[in-house]
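Architecture at a glance
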Amino acid sequence: MTDETIRAWRMDTRDQTLVLVSRDDALPECIYWGAPLPEDEDLETLASAAVMDVTGGMLDASPPLSLSPEARRSFPGQPGMMLRDGGGAIILPTFALRDVTTSDTINEGHPPVAGGGEAPARGGGRGMPGLPPGGTDGDVLRFTCEDARNALTYTATFTAHDDLITARATLTCGHPIHLDWLAAPVLPAPQLADEVIDVSGRWIGEFRLNRTPWTPGIHMRESRTGRSGHEHFPGLILPCRGTTNTQGQAFGLHYGWSGGHRMIAEELPDGRRQVQFGHAAQSETEPGTRFETAKIYLTHSTTGLNGIATAHQRHARDRIVTWPHPDRPRPVHYNCWEAVYFNHDLAELKDIASRAAALGAERFVLDDGWFGRRDDDTTSLGDWVIDPRKYPGGLTPLIDHVKAEGMGFGIWFEPEMVNRDSDLARAHPDWILGPADQIPGRQQFVLNIALPEVREYLYNHIAAVLSAHDVDYVKWDHNRVLPAPDAAQTRGTYALFDRLRADFPHVELESCASGGGRIDFGILKRTARVWLSDSNDALERLRIQHDAALFLPMAVTGSHVGPRQCHTSGRVLDIRFRAWVAAQRHMGFEMDPRELTEDEARVLQEVTAWWKANRGWMCRGDILRLDSADPSVIAEQQLSRDGARFVVFAGEAETSAQIAPRPLRLTGLDAGARYRMHLANRADAVGLSRGDPALKSGDIEVSGQYLMQHGLTLPWAFPQSMWVIEGTRL
Ligand code: DGJ
């Protein structure tokens, strides 16, 4: 035993406890992250118990894996910050703990902790109605640490919410310094774990889960494109050994920043593991005196990956998104992009709008092509003025028609971008971000939105369209990467979003970046929908939305019924499959309705009617990913918050290896309760299904225990089809 001074703190939520310890007033370290500890756990004993032994080849004590590991203490891994002074010389700080602020001390008169809690879900009228009242938001723990020699102050702030813990770090300096890297508060990763799950992807192939074995050294993922990125979604899941979707222990981290991030999962030579998240390295391009990370969202589950997924889903929906019309159901979208692209003709668009309304659409979205002289993607970005050639009477005649059909009207912008062939670029070539000889992307360049005059220009033009028309939704696109990572660009974008949202609070914003290139909790603070992918191929989408459900709730995830022959894959898919896949999320259509046969239109109407009848509880429920015994079946269960009803979507993605379907086990039910199970689309059974599973001919009533232990026996189905099974608790 040493005579060091130990101070310890804990933070608790329903699903997790963090224990943080400072030894001899050093920068605190997290010594426990996991399932809730008993209230009377002695934290000082834990602090002593957690000390690792040392042996030959080691220092005489282990350098702490603190909230910001310090290189100057011989930390044998990646440090939590990398700094240089004004002349470029490396600064190696060592911090001492100076102040600890807790919710109690705040209540006793400390100033409120900046950036502490998310805004409350209810009370401001912004949350979805019909959800249980919010709970413990706001327990705050903030550590302030100083390095007097270098005039540095580091703070780490933790906030407890109902479903998760958020944390962020700030760094200030008495004089300007260069920041190369600043990690949000650093946490230890589990030891009884063999792999990490992170997320890669690409255009029309977002949210690909990668399982990488833990090995000594660094596993790093970095998005250096100035967006959260198709390629590197800023999330990491740390499953413990044996964890599946429905059982076992797991930890989750998500970095809520839209400008690109760096993630490090590192196993140290002594076996400890650390996880770091921060802005992409060197994205602070100017010296400064104050830097801040985005929030990191920390989750823990003992109910498999689904515990992580539902914590993210609920937090995003109930604590992050501001719903412009919380009392209105999520409207069925119609988006005209894949119907007409840039060929806007008023008469045709009116006809399409009428047909979309007849199918069940409730919001008509005019996509790219309505402004400047935008006949293709070589021109006019930046010239946000209605094209008089296409709309001689302005947009009002189209909007009036859309309204007369009972739909809301939405419109597309790509504010941060400019074509060289535009009045804007001709007038302000200096507003283009990056070098003159940079490679264009989709013939376009990025505006330097960190400049106030650029934001002013964009605000004025977008506000002019929104003020003059009855618009209830904007699809905000971002179709190329930045020339280099630049945090000021993201802050400028956020500022423009925030100003428009403040002045047009009734307008719903959607984040699109060639599909899912900018999805994260930072953008969801400003938007209420994400365009998950440019792939309207239902087969691709089934997989993408299944994996995205680890982070995203149903209500924000756009999903559209695409053309019969998919424009991005060439696949021809049956309307039933296309419609049910879209009905799993925020439903919409994005094909030319003039291509639909009578049968296709009828199916679409029926599935849309089903979606409308169920969206109320589905939008407030949880998406639970099922453990499918058959790898060709991608299945999920959407469960209402009160557990009284659910729907299972069992997608037959490909032909199964075995000849008959394997039973599908459900999850999250009351083992002792009885449930009525109803195959909603039993009419879709094909002739090759010759047997007689009970669900094919009628409803069954069985226990939750049976459904979770044995599972549902479904009829045989074609590949690329979907079974939809409704469950009601009796
Ligand atoms: C990319 C988006 O992802 C598409 O949905 C569409 O809006 C086009 N941009 C328009 O240019």
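This is a predicted model, so every value here is computed, not measured.

1. Notes on the nonpolar core
- If you look at the biggest cluster of nonpolar residues, it comprises 174 residues, and the most contacted ones within it are Tyr154, Phe158 and Phe364.
- Membership of the second largest hydrophobic core comes to 24 residues, among which are Leu624, Ala650, Leu664 and Leu714.

2. Looking at the domain arrangement of the chain
- Splitting the chain by domain gives domain 1 (6-117 + 138-320), domain 2 (333-616) and domain 3 (626-729).
- Between domain 1 and domain 3, the contact holds seven residues from the first and four residues from the second.
- The contact between domain 1 and domain 3 buries some 470 Å² in all, and 30% of this surface belongs to carbon and sulfur atoms.
- Together, Asn245, Thr246 and Arg314 form the three largest contributors to the area buried by domain 1 at its contact with domain 3, with a combined 65%.
- At the boundary of domain 1 with domain 3, the tally comes to one salt bridge.
- Its residues assigned to classes, the side of domain 1 that touches domain 3 shows no nonpolar, four polar and three charged.

3. Some thoughts on the packing of aromatic side chains
- Under the criterion given, the structure shown has 26 aromatic pairs.
- Each ring, one from Trp370 and one from Trp384, has its centre 6.1 Å from the other, and the planes form 40 degrees; the classification is tilted. Remark: Trp384 occurs in the loop between strand E21 (363-366) and helix H6 (396-404) and Trp370 occurs in the loop between E21 and H6; sequence separation between them is 14 residues.
- Residue class for Trp370 comes out buried when judged on its relative accessible area of 0%.
- These aromatic residues form a ring-pair network of at least three members: Trp370, Phe371, Trp384, Trp412 and Phe413.
- Directly above the aromatic system of Trp181 lies the positively charged group of Arg262, at a separation of 5.5 Å from the ring centroid.
- One residue, Arg526, lies across the ring of Tyr494, its end atom 3.7 Å from the ring centre.

4. Describing the site of the ligand
- Lining the immediate surroundings of the ligand are 13 residues, of which Asp367, Asp368, Lys475, Asp477 and Asp534 lie closest.
- Interatomic distance of 2.7 Å between a side-chain N/O atom of Asp367 and an oxygen atom of the ligand.
- A distance of 3.2 Å separates an oxygen atom of the ligand from a polar backbone atom of Gly515.
- Notes on the ligand: free accessible area 290 Å², of which the protein chains cover 97%.
- Looking at side-chain class alone, the shell around the ligand contains four nonpolar, three polar and six charged residues.

5. Overview of the sheet that holds strand E17 (residues 273-279)
- Reading across the sheet, the four strands line up as E10-E17-E16-E13 and stay open at both edges, with antiparallel pairing between neighbours. Only two strands of the sheet have a single partner each, and these edge strands are strand E10 (187-188) and strand E13 (217-222).

6. A word on the sheet that holds strand E1 (residues 6-12)
- Ordered by their spatial adjacency, three strands build an open sheet running E1-E2-E3, and the pairing between neighbours is antiparallel. The strands lining the two open edges of the sheet, one partner per strand, are E1 and strand E3 (29-34). Between one strand and the next, the sheet's axes are offset by a mean angle of 15 degrees, whatever the strand orientation.
- Relative to E3, strand E2 (residues 17-23) is paired through five bridges, and the arrangement is antiparallel. Across the sheet, the residue bridging to Val21 is Glu29, located in E3.

7. Notes on the side chain of Ser283
- Secondary-structure assignment places Ser283 in the loop between E17 and strand E18 (288-292).
- Within polar-contact distance, the side chain of Ser283 engages the backbone oxygen of Ala280 at 2.7 Å.
- Those residues within four positions of Ser283 in sequence are excluded, and the remaining contacts are Pro485, Asp486 and Ala487.

Reading the values: the criteria
- Residues numbered from 1 in each chain as written.
- Predicted model: local features only at pLDDT ≥ 70, side-chain atom pairs only at ≥ 80, totals over all residues.
- Heavy atoms only, no water.
- Core = buried A, V, L, I, M, F, W, Y, C linked by side-chain atoms within 4.5 Å.
- Buried < 20%, exposed > 50% of the residue type's maximum accessible area, 1.4 Å probe, protein only.
- Domains from an automatic or database assignment.
- Contact = heavy atoms within 4.5 Å.
- Buried area = accessible area lost by both parts, 1.4 Å probe.
- Salt bridge = Lys/Arg side-chain N within 4 Å of Asp/Glu carboxyl O.
- Nonpolar A, V, L, I, M, F, W, Y, C, P; charged D, E, K, R; others polar.
- Phe/Tyr/Trp six-rings, centres within 6.5 Å; stacked < 30°, edge-to-face > 60°.
- Helix = DSSP H or I, 4+ residues; strand = E, 2+ residues; numbered from the N terminus.
- Lys NZ or Arg CZ within 6 Å of the ring centre and 35° of its normal.
- Near = heavy atom within 4 Å.
- Polar contact = N/O pair within 3.5 Å; in protein donor to acceptor, adjacent residues only side chain to side chain.
- Areas by Shrake-Rupley, 256 points an atom, 1.4 Å probe, with all protein chains shown as cover.
- Pairing = 2+ DSSP bridges.
- Axes fitted to C-alpha atoms, helices over the stretch in contact; angles between N-to-C directions.

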